[in-house]
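Architecture at a glance
Chain by chain, the residues:
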Amino acid sequence: MSKSVENLNTIRAEIVEHELVNGLKVLTKEVHAAPVISSYIWYKVGARNERPGITGVSHWVEHMLFKGTPKFPKNQLNRAIEGNGGRWNAFTSTDYTAYYETLPADKVSIALALESDRMQNSIFDPEEVEAERTVILSEREGYENTPQFVLREEVQAAAYKAHPYQWGIIGWPSDLKAMTRDDLYDYYRRCYVPNNATLVLVGDFDTAELMKQVDAHFGPLPPGEPIGDPSTVEPEQRGERRVTVRKEGNIAYVEIAYHIPAGGHPDLYPLEVLGTVMSSGKTSRFYRALIDKQLATSASFYPDFSKDAGIAVAFAEAQAGVEPSTLEKALLEQIERLQNDRITEAELKKAINQTEAHFIFSLDSVSNQAAQLGYYETIRSYKYLETYLDEVQSVTREQIREAVQKYLTEDNRTVGHFQPIQPGNGGASSDGSAEGAEPALHYMRQPRFFFRSEEAGSGSGMDSQSPTTRHVFDNGLALLIQENHFNETVAISGRLKAGGMYDSPERHGSSDFVANMLTKGTESRTWEEIAETVESVGADLNAWGNTETVGIEGRLLSKDFDRVLDVLNDILRYPNFPQEEIEKHRHQVYSWLKAWEDDTDYVADQMLRELVYPQEHPYHWRMQGTEESLVQIQREGLVDFHAHYYRPDSLILVIVGDVDTQAVIEKVHAQMGDWTANGEKPPFTVPPVEYREKQIGIQSMMDKSQVNIELGHKGIARTHPDCYTFNLMNQLLGGSAGIARLFGHVRDVQGLAYSVWSTFTPSIGEGLFHASAGVNPGNVDRAIDSILHEIEQMKSEGITEAELADAQNLVVGNFALTLETNKGIASVLLLAELYGLGLDYPERHESIYRSITREQVNAVAQKYLHPDKCCIAIAGPYEKT
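Procedures and definitions
- Residues numbered from 1 in each chain as written.
- Predicted model: local features only at pLDDT ≥ 70, side-chain atom pairs only at ≥ 80, totals over all residues.
- Heavy atoms only, no water.
- Helix = DSSP H or I, 4+ residues; strand = E, 2+ residues; numbered from the N terminus.
- Rg over C-alpha atoms; globule rule 2.2 N^0.38 Å.
- Contact = heavy atoms within 4.5 Å.
- Areas by Shrake-Rupley, 256 points an atom, 1.4 Å probe, with all protein chains shown as cover.
- Lys, Arg positive; Asp, Glu negative; His and termini not counted.
- Charge placed at Lys NZ, Arg CZ, Asp CG, Glu CD.
- Pairing = 2+ DSSP bridges.
- Axes fitted to C-alpha atoms, helices over the stretch in contact; angles between N-to-C directions.
- pLDDT = per-residue confidence, 0-100.
- Expected span 1.5 Å × (residues − 1).
- Buried < 20%, exposed > 50% of the residue type's maximum accessible area, 1.4 Å probe, protein only.
- Polar contact = N/O pair within 3.5 Å; in protein donor to acceptor, adjacent residues only side chain to side chain.
- Phe/Tyr/Trp six-rings, centres within 6.5 Å; stacked < 30°, edge-to-face > 60°.
- Patch = residues over 30% accessible without salt bridge, like charges linked within 9 Å, V, L, I, M, F, W, Y side chains within 5 Å.
- Salt bridge = Lys/Arg side-chain N within 4 Å of Asp/Glu carboxyl O.

Remarks on the overall build of the protein chain
Within the protein chain, the secondary structure is distributed over 31 helices and 22 strands. Relative to the globule expectation of 29 Å for 881 residues, the C-alpha radius of gyration of the protein chain, 27 Å, shows essentially globular dimensions. Taking the principal axes of its C-alpha atoms as reference, the protein chain extends roughly 75 × 70 × 65 Å. Counting contacts in the protein chain only where the partners sit at least 6 residues apart, residues at least 24 apart contribute 84% of the total. Taken as a whole, the protein chain presents about 32100 Å² of accessible surface, with 47% of it coming from carbon and sulfur. Distance between charge centroids for the protein chain: 1 Å, based on 82 positive and 128 negative side chains.

So, in structure tokens, the structure goes:
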């Protein structure tokens, strides 16, 4: 048994199970790496517990639990967690509804008080119910804008004829319009009881002391009647079913669903291993057969782990010009190969290595650990995790073939096509023909235990005993190292000053093109050899373009550091830009552009950037370029761009995790110490820009359900002294749901949008400040007026002292949570180096924000907010009358 697996067994043994007299199950796990606690409460109720007439009720009830109780009124509830430096949210699925908070350890009592109170005392005010009805309909309309959602909903409804899994979590529109307050409240009172819930607590606490608090908060709550399970069992499918969705668009999609057993069945292990073989990484079968062959931009296979019998789904997004029938044929060919031929021993070994590595990666975060414990306990039992790796490691090639022969059959499948049609053609297919092609990004489903909530951090912790080391080599390469030995993992983050700002005017997209070509072959390795070297040990290594820099990111086990560093050096210094791969990527980018043309969110965002920044400014352009510039990008230009801008004195590399500092310095020197910089270093600056006069852009997309609105103007640079104050101001305007005015007024009070927020992009130039919302077509003008009103109010009236304290607590607390994973630490150190903030920036962060006054925030709002100069971009089913 490996050292990693031995350590995992020790960690799993630390889980303690409790049960209160009222039936509430509590799982605790002490993790003392950082002063943080993650609390999840899981209710065993979801879409499977609904019926026609109230589909979507579980999700709607989840929304209503954010509307307050007598003890925690809505205006206090929204600030209870974020105002104390925490993160919180909730999510609903077919089998469960879960609520979580991740907080500083000394604030956990707030989470316990809040969750115990809203378990039985949520108000469900009739006016709030009606306001939220509009919000949920808006949420559904946003989903309907995406072909993937529309297709999945149709496939799911066709695959299930009897079981409640046939309807989606969001619910049918007619039910959402007809459901009453009593429907919601009765469902809440019946299902939100302690004996139908599991509380999971992971983090820095003493179990005995914490359980006293748990018992004090939850112990007095009375149990309820058992809610029971659905009695309907889905009958065996006895023949292929097919559905086709035709809507306006540019890209085809295919989804194939196969019935499989419920979570915990022994056949799920070989099916999960199969999912890794088929779609995890560039060495997977789907990547080679569909993506590399220019048929798809993404392809995946994943089996549901569900309470009742679920489905395994094969999914693919076509490249431009590829018909769904062609895509379906390619998917089925790969599945049919498995009917007769077993996977190879090498494929099996690699899949098991990837599974073990992802398991270990998941332990970096206390929130991930709490999530996975609650998830498996709700579906089956948390003890499923105790034997998971052993079961996966015992899977054989023959077991996988047997599972394929048993479940992935023609009679057991439902096939769905999304057929794009041209606007106004009433059913004529979109040809979308183009040349060339490949995909750098494709959807890869993580193994089930690698549970990702909306949480971004919390787990491994910054080791205060190990200071950050900064070492600059003679060639100018800046290396930052932070040791963290909590887990046997390493995060690599890097930035190379070679972004899209250096593209020539006629070749926009060159920087991003070069970044994506790094892993397409070097002087000594083919792209297959690069992918095999990294993925065979479960590691990840990626590079991507951005407007100012090229990003580098790696995730690996510490034992594989030398291997991944060798590949990183190779791809950065010696890419050989094979012509065949250039043409594949050219068509890949073309397919992305065509897909984004059908995305209202993307269309509005890009339109706003073009309105705010002049054509000669780098922020005007999308980093992938345009269809016109794409044609102009040729191999000679890519080679020249790499030679000119890929240089050691433009590279920042950050290594965080289970490493030895001196050993890392020596290894990086051995790999990159002889890399030389030729010629003068390019300047790393972006020109300033003037505020532009207010302009309105409209892109009518009449076959969509929701309109996306973007409005804003230029912001300020990251290095500007007012940047921190601007950030606090923006958090209160629209940066954080719990304390933000836009969320509170536009969504919560007026019910105009499911999503509404504001943000700004502080970088080396004056990045974009903008507000965004997704709204019903009939609410567009009202939503724009409301957002502009809130911006004007912030500018003219400023903030209160209470708001300032909330924003400071939020920013300081969230920063602390970010520093609790290797990846989070690496990202902070990277940006500190990039913008010259100093190695002590993490230590100074709190004092910077605590020293900001209300007067300073108000002055910044008056100086930098200009609602009269906000450009407005509108995309969706909207036509200005």
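What to know about the pairing of strand S1 (residues 16-19)
Bridge count between S1 and strand S2 (residues 25-30): four bridges; the pairing is antiparallel. By the bridge assignment for S2, Glu-17 is matched with Leu-27. A loop of five residues connects S1 with S2, the two strands running antiparallel in sequence, and Gly-23 in this loop sits at a positive phi of about 95°.

A short note on the sheet that holds strand S19 (residues 707-714)
With respect to topology, five strands assemble into an open sheet ordered S18-S22-S19-S21-S20, the strand pairing being mixed. A single partner strand is all that each edge strand has here, and the edge strands are strand S18 (696-700) and strand S20 (753-760). Across the sheet, the axes of successive neighbouring strands diverge by a mean angle of 10°, strand direction being ignored. As defined by bridge partners, S19 adjoins strand S22 (residues 871-876) across five bridges and the pair is classed as antiparallel. Each bridged residue has a counterpart across the sheet, and for Gly-712 the counterpart in S22 is Cys-871. Set on the sheet, helix H21 (residues 600-612) makes contact with S18, S19, strand S21 (768-775) and S22; between it and S22 the angle comes to about 155°.

So, the confidence of the model for the protein chain
Mean pLDDT over the protein chain stands at 92; residues scoring 70 or higher make up 94%. Counting interchain partners and residues more than four positions distant, the pLDDT-below-50 stretch residues 1-5 has ten contacts. Throughout residues 426-460 the model reports pLDDT below 50, and contacts reaching past four residues in sequence, or to other chains, amount to 151 contacts.

Structural notes on H21
Taking 1.5 Å of rise per residue, 13 residues should cover 18 Å, and H21 covers 18 Å from first to last C-alpha, within 8% of that figure. Within H21, ten of the 13 residues are buried, which leaves it mostly tucked inside the rest of the structure. For H21, every residue scored as buried is listed here: Thr-600, Tyr-602, Val-603, Ala-604, Asp-605, Gln-606, Met-607, Leu-608, Leu-611 and Val-612. On its buried face, H21 sits against helix H20 (579-596), S18, S19, S21 and S22. Where H21 begins, the side chain of Asp-599 points an oxygen toward the backbone nitrogen of Asp-601, at a separation of 3.0 Å.

Considerations on the sheet that holds strand S13 (residues 478-483)
The strands that make up a sheet are held in pairs by hydrogen bonds between backbone atoms, and each pair lies either parallel or antiparallel. Ordered in space as S12-S13-S17-S14-S16-S15, the six strands form an open sheet in which the pairing is mixed. The strands lining the two open edges of the sheet, one partner per strand, are strand S12 (469-472) and strand S15 (540-545). Strand-to-strand, the axes of this sheet are offset by a mean angle of 15°, without reference to chain direction. In the sheet, S13 pairs with strand S17 (residues 651-657) via six bridges, with the strands oriented parallel. Residue Gln-482 lies in a different strand from S17, and its bridge partner there is Val-656.

Structural notes on the packing of aromatic side chains
For the coordinates displayed, the defined rule picks out 41 aromatic pairs. For the ring pair Tyr-40 and Tyr-100, a centre distance of 5.0 Å and an interplane angle of 25° mean the geometry is stacked. You can see Tyr-40 sitting in strand S3 (residues 36-43) and its partner Tyr-100 sitting in strand S5 (residues 97-104), a full 60 residues away along the chain. In this structure, Tyr-40 and Tyr-100 share a single accessibility class: buried. Pairing Phe-66 with Tyr-99 gives two aromatic rings, centres 6.3 Å apart and planes at 35°, and the pair type is tilted. Of the two residues, Phe-66 sits in the loop between helix H2 (57-64) and helix H3 (74-80) while Tyr-99 sits in strand S5, which places them 33 residues apart along the sequence. Judged by its relative accessible area of 17%, Phe-66 falls in the buried class. Each member of the aromatic cluster is reached from another via a ring pair, and the members are Tyr-40, Trp-42, Phe-91, Tyr-96, Tyr-100, Tyr-269, Phe-305, Tyr-375, Tyr-376, Tyr-384 and Tyr-388.

Some details on the environment of Phe-769
Structurally, Phe-769 can be placed in strand S21. Overall, Phe-769 belongs to the buried group, its relative accessible area being 0%. As for Phe-769 and Ala-595, which are separated by 174 residues in sequence, their C-alpha atoms are 25 Å apart. If we skip the residues at most four places from it in the chain, Phe-769 touches Leu-711, Gly-712, His-713, Lys-714, Gly-715, Phe-726, Asn-730, Leu-733, Ser-758, Thr-759, Phe-760 and Leu-865.

Quick look at a negative patch on the surface
A surface patch of negative charge is lined by Glu-236, Glu-333, Glu-336, Glu-410 and Asp-411. For Glu-410, a relative accessible area of 48% corresponds to the partly exposed category.

Observations concerning unusual backbone geometry
Apart from glycine, the bulk of residues carry a negative phi angle, and the bulk of peptide bonds sit in the trans form. Its identity as a non-glycine residue notwithstanding, Phe-124 has a phi of 60°, on the positive side. By secondary structure assignment, the location of Phe-124 is in the loop between helix H4 (108-118) and helix H5 (126-144). Among the residues examined, Phe-124 registers a relative accessible area of 1% and is labelled buried. Here the phi dihedral of Phe-577 falls at roughly 50°; this positive angle occurs in a residue that is not glycine. Looking at where Phe-577 falls in the secondary structure, it is placed in the loop between helix H19 (561-573) and H20. Judged by relative accessible area, Phe-577 falls into the buried class, the value being 2%.

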